Every structure is written in structure tokens, then in C-alpha cells.
Amino acid sequence: MAIEESLERKEALVESVKYKVSIENVDGWYGTKRAIKDINLKVREKTVTAFIGPSGCGKTTLIRCLNRMHEMTPGARVDGRIIVDGINIYDKSIDAVIIRRRIGMVFQKPNPFPTMSIFENVAAGLRLNGINNKTIIREIVEESLKNAALWDEVKNELHIPGMSLSGGQQQRLCIARALAMQPEVLLMDEPTSSLDPIGASKIEELVRTLKDSVTIIIVTHNMQQAARVSDFTAFMYLGDMIEYGATNQIFMKPEKELTERYVSGKFV
Amino acid sequence: MARLLDIGLERITNLILDMGHLSEDLVNSALESYEKGTMMRAQIFEGSEKLRFLQIEVTDFATELIARYQPVSKDLRFIQSSMDAAYGFSIFGRYAYDIAEVMETIGPLADCDKSEVSLMAKTAKDMISLSVKSLEKLDKNASQKLYMMDDSVDSIFRKYLKKVLTQTKKRNFQPRCYVSALLILRYLERISDHACYIGDSVHYVVTGDASPRR
């Protein structure tokens, strides 16, 4: 009886694991160049997944496929299926703009809108999506800045240009801008590579906090960062997904020799 | 091009192997002093202290390597296991000293039967030697052999303990001989356990898994 109960509990646990994003047989192309090859991966809801690998391995291409930004590059296309909450985002009936609203993105270099204030940077997406109620906008801006751990630093100067903030603050402003759209998935493409260590550590703390409400996928060249912030790690090489697993397993006991060599810095 | 971490790993390997050889020598000396009745407590204490300082050096250096290079995977497992092995070798030194001290405390034992201690000592010495070699060669299979040897050590100890309990009822019971032998057998039994743990550490370095026996 005890064994049966235990098995039932285990089955219930397996069933309760919810996958937010399923990448199925995905190829990413730039013209005739196949940048990522037959990628299969399931991303659990409200976790942080890191994509690691050497330059040119396809990490950024893959992350850009996840919110249909890849197709904005002339000549680029995607084969395969990317399922978010049971819906194939590449289905012909799906509007890419809506997908990008649900799946936010933060880039390598902070890119606040240069002519806008801190407040307007966060509010811009809301206004573009037809939200004009000032009270609602104010509330969402405040909540987003709080969630991006920036509110306390800027609450008395929301009118100053976003570009006047430090690099780390600008990046958190960009995260607040993305959070204002209340995305379900947040893609982060090397979000700390242009920041100093303090700015980077604030973003890392933020990532850990945000995963309670958002599924996060982060591309990073910094393996220690992947080890610190992520729950799962995927190692890519020359467009292939070499290994995907729990971060602890990837960094302590990788299954593939190639992964072992990469994470240990023995790559030639 | 060699990684900077490799230079550190080489240094820590050398430190650990030095500790292994020194601990092996100390246990051998302590057992020899018991068998031959020579007093070597001061020399063995000196060696044991050296092992203790080396253990501190390994721990400090391992911590430095982790802080500087943030190693992962096999590198991290090796550093972690080096600290475990350093502790094991330091413990060998401590037990060598305890063995040497038995005679100082109890007095000459020339008239005692030392056959059981000699029997266990041979296996225990082989186990120390094997644990050092397993670390040198990163031999993951040594762990299994060490546990098999440990079973025989445990068996000798249990048998001797029963024998002592039987002997205490006899008129000509000589507590000096039995107590000294029992203490030394106990130290050797603990040395054997720690040799197994070193084998486990090597198994963990190579495979990333705990030893099948643990």
C-alpha cells in the first residue's frame, strides 16, 4: 500500500510539472545557412533556464526564435514548432506582435528609448497597446519599477531621461519596460555583459526574484552566472543542443564529454 | 595552452600525495615500534603534526582555487575530494600517534601475543597504500577493493573483541596485552574506514557518483 501511495504521489508530481515552452524540432535559418539544428527542449514554468555555449553556437538565434524576432531578420526563417501554453506560436493564425507582448525580451545592451523619461520608457508599451487610463498606467509603471528593483532609486525623479541612469539602472529600466507588458516568459540575451559587477549582481538577484512570477530564459557567456541564477541549463555547440539538464547536473556531472570540456574551460 | 587552474590542481595533487606517503610511513613506523618494542612517540608526533599542517595548507589552497577559478565538474569534484583525502591522511597520522602512545602508556609488551595485530596491520597497511595509489592513478575501482579489505579488518576486530571478552573470565588474563592489542586493532579498524572514504572520494572524482558501497 505504501509503495502504491508513493507511486501515485510520484505520478501526481510528474503530472504537476508544467512546461511553459516546448521547442520541437526547431531549425533556424539565415538564408541557406542552418544556424540551429533540430532543437528539442521543454522549459518548465516559473524556472530560469540558461543557454550557454561558445560564440556562434546559436544561443541568440534560438532565443530570438522564441518570440518570433528571428523572422524579422531578412532571409531568416524557422522550421519546427514552438509551443507556448499549448499554442504553436508559428501557427499562421497567430499574430507575432501578440506573441512578443506575451514573451518579453531584454537585450545585451540597455536600450531605453533615448528621448523618453524613466516613466515614459515604462509606460510606452502600455500606450502603444491602447491603455490610456492615467491611473492604471501610473500603477503599472510603479509596480514594474518595483518588480525590476529600481523603484526606490528613481521614485523621486521619474521625469528625468532614462538615458541619464547608470548602465545597470538602464538595464533594470528595460526589464521594467518588459515587465509592464506582464509577459509570461522573459527572454534575456546576455543582460549583464555590458554591466559592472555590482550592476550585474543586481540583475542576477532580480532574475531569481522574478522567476516566482515569470518563466525566464537567459543567454549568457558567463558560466558562473548560469550556475548562479538558473535552474536548468542547455549547452549548445555549432547549432546543436548538446546537453540539457538541471544546472547542478550540468556543472557538477555533465553527461557529455563536450559539455564537460566547455564548462571546465578546456575547449579548444 | 594549460589553464591557470591546472597549475593549482597539480600543486594540490602533489601536496595530497606527499601527505599520503607521509601518513603511510607514519603508520608503518608506529606498527613497527609496537612489534619491535621501540619507542617512537616523539618522531611520530612530529610527523602527525606535519600532516595536520599540510591538511590546513590543502584546505586553504583548495579554497583559494575555488575562489579564484570557480571550477566546475571534474575539477570541482577533484578539489572537494582533495580536502576529504587530506583529512583522511591527517587522521592516519593521528592514529599512528595513538598507536605509538599505547606502549608509552601501557609499558613494554614484549611478552604479548601480537599475531592478531600483525594480521590486521598487514591489511590496513595495504589499504593505506591502495588509497594513496588510487588517488595517484585516479582509479575508481579501488573503492570496491578497499571495502572488501575493510570487511576482513572488521571481521578480525570483532573476533578479537569476542576473544577478549572470553579471556577476561580466565585466571591468567593479562589485561596489559589485551587492552593494548584491542586499542591498536581499533585504531587500525578506523584507519581502514578512512582508507575506504579516500577510495570513495576518488570514485566520486572520476564518476561524479557516490561509491556504490556508501
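### Some details on the pairing of strand β4 (residues 76–84) of chain A
Residues and elements named next belong to chain A. Pairing of strand β1 (residues 19–30) with β4 involves eight bridges; the strand directions are antiparallel. Paired with Glu24 across the strands is Arg81, a residue of β4. Linkage of β4 to strand β5 (residues 87–88), two consecutive antiparallel strands, is achieved through a turn of two residues, within which Asp85 is found at a positive phi near 50°.

### What about the interface of chain B and chain A?
Contacts between the two partners involve 14 residues from chain B, matched on the other side by eleven residues from chain A. The contact between chain B and chain A buries some 940 Å² in all, and 47% of this surface belongs to carbon and sulfur atoms. Of all residues in chain B, the largest losses of buried area upon contact with chain A belong to Arg3(B), Val72(B) and Ser73(B), amounting jointly to 49% of the total for that side. Our enumeration of links across chain B and chain A arrives at two salt bridges.

### Comments concerning the packing of aromatic side chains
Residue and element names in this part refer to chain B. The full count for this structure, using the stated rule, is seven aromatic pairs over all chains. Summarising the aromatic geometry, the rings of Phe89 and Phe92 are spaced 5.8 Å apart at their centres and angled 65° between planes, so their arrangement reads as edge-to-face. With a gap of three residues between them, Phe89 and Phe92 both fall in helix α3 (residues 73–106), about one helical turn apart. The pair formed by Phe89 and Phe92 is uniform in burial state, with each residue classed as buried. Plain terms: the ring middles of Phe173 and Tyr178 are 5.1 Å apart, the flat faces sit at 15° to each other, and that makes the pair stacked.

### Quick look at the nonpolar core
Phe89(B), Phe92(B), Ile184(B) and Leu188(B) are the most contacted members of the largest nonpolar core, which totals 67 residues. Going through the elements one at a time, α1 (4–36), α2 (41–69), α3, α4 (115–137), α5 (142–167) and α6 (175–207) of chain B are the ones with two or more residues in this core. The dominant element in this core, judged by the number of residues it contributes, is α3(B), at 14 residues. Beyond its immediate stretch of four places on either side in the chain, Ile184(B) contacts Leu31(B), Tyr34(B), Ile99(B), Val102(B) and Val117(B). Counting residues in each nonpolar core, the second largest holds 45 residues, with Leu145(A), Ala148(A), Leu195(A) and Phe251(A) among its members.

### Examining the packing of α1(B) against α3(B)
Residues and elements named next belong to chain B. Their axes nearest at 9 Å, the elements α1 and α3 cross at an angle of 20°. With respect to α3, the element α1 is oriented roughly parallel. Crossing of α1 over α3 shows left-handed handedness. In the contact of α1 with α3, the residues fall into 20 nonpolar, seven polar and one charged.

### Overview of the sheet that holds β4(A)
Residue and element names in this part refer to chain A. Reading across the sheet, the four strands line up as β2-β1-β4-β5 and stay open at both edges, with antiparallel pairing between neighbours. Either end of the sheet is taken by a strand with one partner, and the two such strands are β2 (33–44) and β5. Across two bridges, the pairing between β4 and β5 is antiparallel. Paired with Ile83 across the bridge in β5 is Asn88.

### Quick word on the sheet that holds strand β9 (residues 232–237) of chain A
Residue and element names in this part refer to chain A. Spatially, β6-β7-β8-β3-β9-β10 is the arrangement adopted by the six strands of the open sheet, whose pairing is mixed. Each end of this open sheet is capped by a strand with a single partner; those strands are β6 (103–106) and β10 (240–246). The average undirected angle you get between the axes of adjacent strands in this sheet is 15°. Where strand β7 (residues 185–189) meets strand β8 (residues 215–219), five bridges bridge the pair, whose relative direction is parallel. Of the residues in β8, the one forming a bridge with Met188 is Ile218. Sheet contacts for helix α7 (residues 167–180): β6 and β7; angle to β6, the most-contacted strand, approximately 170°. Packing against the sheet, helix α8 (residues 197–210) makes contact with β3 (48–52), β7 and β8, and its axis sits at approximately 160° to β7.

### A few points about the state of the cysteines
Taken as a whole and assessed by the stated rule, the structure comprises one disulfide over all chains. Two residues, Cys112(B) and Cys177(B), share a disulfide whose sulfurs are 1.9 Å apart. Taking the sign of the S-S torsion, about -75° here, the bridge from Cys112(B) to Cys177(B) comes out left-handed. Placement of the pair is Cys112(B) in the loop between α3 and α4 and Cys177(B) in helix α6, with a sequence separation of 65 residues. An identical accessibility class is assigned to Cys112(B) and Cys177(B); each is buried. The thiol of Cys57(A) is unpaired, and the distance to the nearest cysteine sulfur, on Cys65(A), comes to 13 Å.

### Details of the pairing of β2(A)
Residue and element names in this part refer to chain A. Bridging between β1 and β2 involves eight bridges; their strand directions are antiparallel. By the bridge assignment, Val26 is partnered in β2 with Ile39. From the end of β1 to the start of β2, which pair antiparallel, there are two residues, and Gly31 there has a positive phi angle of about 60°.

Definitions and cut-offs
Residues numbered from 1 in each chain as written. Chains lettered and ligands numbered in written order. Predicted model: local features only at pLDDT ≥ 70, side-chain atom pairs only at ≥ 80, totals over all residues. Heavy atoms only, no water. Pairing = 2+ DSSP bridges. Helix = DSSP H or I, 4+ residues; strand = E, 2+ residues; numbered from the N terminus. Contact = heavy atoms within 4.5 Å. Buried area = accessible area lost by both parts, 1.4 Å probe. Salt bridge = Lys/Arg side-chain N within 4 Å of Asp/Glu carboxyl O. Phe/Tyr/Trp six-rings, centres within 6.5 Å; stacked < 30°, edge-to-face > 60°. Buried < 20%, exposed > 50% of the residue type's maximum accessible area, 1.4 Å probe, protein only. Core = buried A, V, L, I, M, F, W, Y, C linked by side-chain atoms within 4.5 Å. Axes fitted to C-alpha atoms, helices over the stretch in contact; angles between N-to-C directions. Parallel < 35°, antiparallel > 145°, perpendicular 65-115°, else oblique. Left-handed = near helix turned anticlockwise from the far one by under 90°. Nonpolar A, V, L, I, M, F, W, Y, C, P; charged D, E, K, R; others polar. Disulfide = S-S within 2.5 Å.

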